[in-house]
Amino acid sequence: MPTDSPAPADTPRTPPAPAAPVPAPFPERAALPDPGPAPTLRDPDARAPGPGGPAPATPRGYRAVFAVAEFRAVFAAHLLSLLGVVVSELALTVLVYDLTGSPLLSALTFALGLLPYIVGGTLFAGVADRYPARRVLVVCDLLCAACVAVMLVPATPVAGLLALRCLVAAIAPVFTGTRMAALTDILGEGDLYVLGRSLLRIVSQSAMLIGFGAGGMLLTVLSPRGAITVTVVTFLCSAALLRFGTQDRPARATTGEGAGGTLLKESLSGARLVLGDRRIRALMLLFWLPAMFVVAPEALAAPYADAIGASPAALGLLLCAMAVGHIGAELFVGSALSPRNRSRIVLPVAAVGLLPLLVYAVRPGLPLALAALALAGAGAAYVIGLDQWFVDAVPQELRGRAMTVLTAGLMTVQGLGMALAGLAAEFFPVHQVVAGSGIVGTVCTLLLVAEVRRTDPGGCRIPKNETGLTGM
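Bear in mind the structure is a predicted one, so any value in this text is a computation, not a measurement.

Caption draft 1: Representation of the nonpolar core in the model. Core analysis: the largest hydrophobic core is formed by 113 residues, its most contacted members being Phe71, Leu286 and Phe390. Those residues in contact with Phe390 that sit more than four places away from it in its chain are Ile280, Leu283, Met284, Phe287, Ala402, Met403 and Leu406.

Encoded structure:
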């Protein structure tokens, strides 16, 4: 189940457990045996040192993250469920169109993947801290598998299909927020967490490119319902990987404001506490605001391709260029820059990340437009350093709710940005709308950067335990 949150960089650290976990209403599952103290991460290919010999080199960067067995299970579960979701979105859109012949309902199927995020992220955020993380993740996967399985029943009406789509989308931010918070238990709160989050984002970007292609191929040999069956399997596999591949840890929120009340009270209390903190609110907006404006060229890719006389293949390139730029930049920043330098580039890169969209003011041809989109995608690499700032700013007992609100808000503002771009394109030429998004977004981001600086008591947040370069 996807979507799309400091210890020393070479050893995972599990935070101390709360004193009294809150009993959960979910069915109890047997906990995995206690594996004992977490071992020092080592290169799996390295030999043990001989007497008097040098110690084997400790893996760094992304290799160090993959050396953690629990993260490998989380990574595999994320990859499987994300590919399944992308395939099901495409197949469900085709199924709704086959049943109704309505382009509006077909498009609404995609939109319903974004709109319920704000509902689930606000009303159910308390789940992420109230119950043990592994239980939440497994139950979310099983619920989503059940929803998708009902979609396969031929008697399910179109309204039922859309309602089930909404339910899966409402569960998604709870799952993603819980997983983001759980990564701090698995990888610690330092550089390994930042690189782990980076890997999950890279998978999300790559799955969008691969998943739609795979879904298209599946639909050539399977019916839409047959393709949707793949999603049921991926959700079940994800649940199994998380159940048997991760440790059972107690819930976070056992004390403090809102703890022990109703789920709705805990969720709303958590959202209020998170958004009421000036520092956390500023960091959260720095995730959201650039993302709201950078989606304009993707939302308007089809009309822009038509305006410049580009082919359908060129439209595909316009839709992929930003993701390619993002993946390349995130891999470079995560593998070549130290934690200190990743922290230093957050505000400068965020401030200029939308400027490439100004190229649209001259109504560029395909090559220049692709270059601008790739650069705009690369601008999202500032998020790697921002991840560390955010986890440092959020108290542990609020972390699950904060991550859930962050995820819900991010998906919601992107949907809002697409809708506003489309509305503006009804009155202005497409290239002017994209360029205008770059201008307005840059001005807003600069104001937000100033607020982030004002709320940082240290003036410039540099990660502890600086370790230099973090090569692959």
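Caption draft 2: Spatial organisation of the packing of helix α11 (residues 278–294) against helix α18 (residues 383–393). Interhelical geometry of α11 versus α18 gives an angle of 155° and a closest axis separation of 10 Å. With respect to each other, α11 and α18 are oriented roughly antiparallel. Viewed along their axes, α11 and α18 form a crossing whose handedness is left-handed. Contacts between α11 and α18 involve Arg279, Ile280, Leu283, Met284, Leu286 and Phe287 from the first element and Val383, Leu386, Asp387, Trp389, Phe390 and Ala393 from the second. Looking at the contact of α11 with α18 residue by residue, the class counts come to 10 nonpolar, no polar and 2 charged.

Caption draft 3: Seen up close, unusual backbone geometry. Here Arg363, not a glycine, exhibits a phi torsion of approximately 50°, which is positive. Mapped onto the fold, Arg363 is located in the loop between α16 (346–352) and α17 (366–378). Here Arg363 falls in the partly exposed class, since its relative accessible area comes to 41%.

Caption draft 4: Representation of the packing of aromatic side chains within the structure. Under the criterion given, the structure shown has 5 aromatic pairs. Considering the side-chain rings of Phe287 and Phe390, the 5.7 Å spacing of their centres and the 85° angle between planes classify their relative orientation as edge-to-face. Here the residue Phe287 occupies a position in helix α11, and Phe390 occupies one in helix α18, the gap between them amounting to 103 residues. Accessibility assignment for this pair places Phe287 and Phe390 in one class, buried. Centre to centre, the rings of Tyr304 and Tyr360 are 4.9 Å apart; their planes meet at 55°, and the pair counts as tilted. Placement of the pair is Tyr304 in helix α13 (residues 301–307) and Tyr360 in the loop between α16 and α17, with a sequence separation of 56 residues. Judged by relative accessible area, Tyr360 falls into the buried class, the value being 2%. Grouped by ring-pair contacts, the aromatic residues Phe66, Phe71 and Phe75 constitute a single cluster.

Caption draft 5: Examining the environment of Ser198 more closely. Tracing the sequence through the fold places Ser198 in helix α8 (residues 191–221). The buried category is assigned to Ser198, whose relative accessible area is 0%. With 187 residues separating them along the chain, Ser198 and Gly385 place their C-alpha atoms 9.9 Å apart. Other than its neighbours up to four places away in sequence, Ser198 contacts Tyr62, Glu330 and Ile384. Within polar-contact distance, the side chain of Ser198 engages the side chain of Tyr62 at 2.8 Å.

Caption draft 6: Geometry of the side chain of Asp387. Along the polypeptide, Asp387 turns up in helix α18. Judged by its relative accessible area of 2%, Asp387 falls in the buried class. Separated by 2.7 Å, the side chains of Asp387 and Arg201 make a polar contact.

Caption draft 7: Focus on a nonpolar patch on the surface. There is a patch of nonpolar side chains on the surface, built from Val352, Leu355, Leu358, Ile439, Val440, Val443 and Leu447 and spanning about 590 Å² of accessible area. Within the element layout of this structure, Leu447 appears in helix α20 (residues 430–455). For Leu447, a relative accessible area of 61% translates into the label exposed.

Conventions we followed
- The numbering scheme is per chain: residues are counted from 1 as the chain's sequence reads.
- Selection of residues for local features in this predicted model requires a pLDDT of at least 70, selection of side-chain atom pairs for listing and counting requires 80 or more, and totals for whole chains, interfaces and linings are taken over all residues.
- Just so you know, side-chain values use all the structure's heavy atoms and leave hydrogens and water out.
- Side-chain atoms within 4.5 Å are what join buried Ala, Val, Leu, Ile, Met, Phe, Trp, Tyr and Cys residues into a set we call a nonpolar core.
- Summary of the burial criterion: residues with accessible area below 20% of their type's maximum are buried, those above 50% are exposed, and those between are partly exposed, where the area comes from a 1.4 Å probe applied to protein chains only.
- Any pair of residues with heavy atoms lying within 4.5 Å of one another is described as a contacting pair.
- Where helices are involved, their axes are fitted lines through C-alpha atoms of the stretch in contact, as for all axes, and angles between N-to-C directions lie from 0 to 180°.
- Comment: elements are numbered from the N terminus, with helices defined as DSSP H or I runs of at least four residues and strands as E runs of at least two.
- Any angle from 65 to 115 degrees is called roughly perpendicular, while one under 35 is roughly parallel, one over 145 is roughly antiparallel, and all others are oblique.
- Two helices that cross are described as forming a left-handed crossing if the nearer one is turned anticlockwise from the farther one by less than a right angle, and a right-handed crossing if clockwise.
- In this classification, Asp, Glu, Lys and Arg are treated as charged, Ala, Val, Leu, Ile, Met, Phe, Trp, Tyr, Cys and Pro as nonpolar, and every other residue, Gly included, as polar.
- Stacked, edge-to-face and tilted labels apply to pairs of Phe, Tyr and Trp rings (six-membered ring for Trp) whose centres lie within 6.5 Å, assigned for plane angles under 30 degrees, over 60, and everything in between, in that order.
- Under this definition, polar contacts are N or O atom pairs within 3.5 Å; protein pairs additionally need one hydrogen-donor-capable and one acceptor-capable atom, and for neighbouring residues in sequence, both atoms have to be side-chain atoms.
- Exposure above 30% relative accessible area and the absence of a salt bridge qualify a residue for a patch, where like charges join within 9 Å and nonpolar side chains (Val, Leu, Ile, Met, Phe, Trp, Tyr) within 5 Å.
- All accessible-area figures derive from a Shrake-Rupley calculation using a 1.4 Å probe, and residue coverage is judged against the displayed protein chains alone.
- Here, a salt bridge means any side-chain nitrogen of Lys or Arg that lies within 4 Å of a carboxyl oxygen of Asp or Glu.

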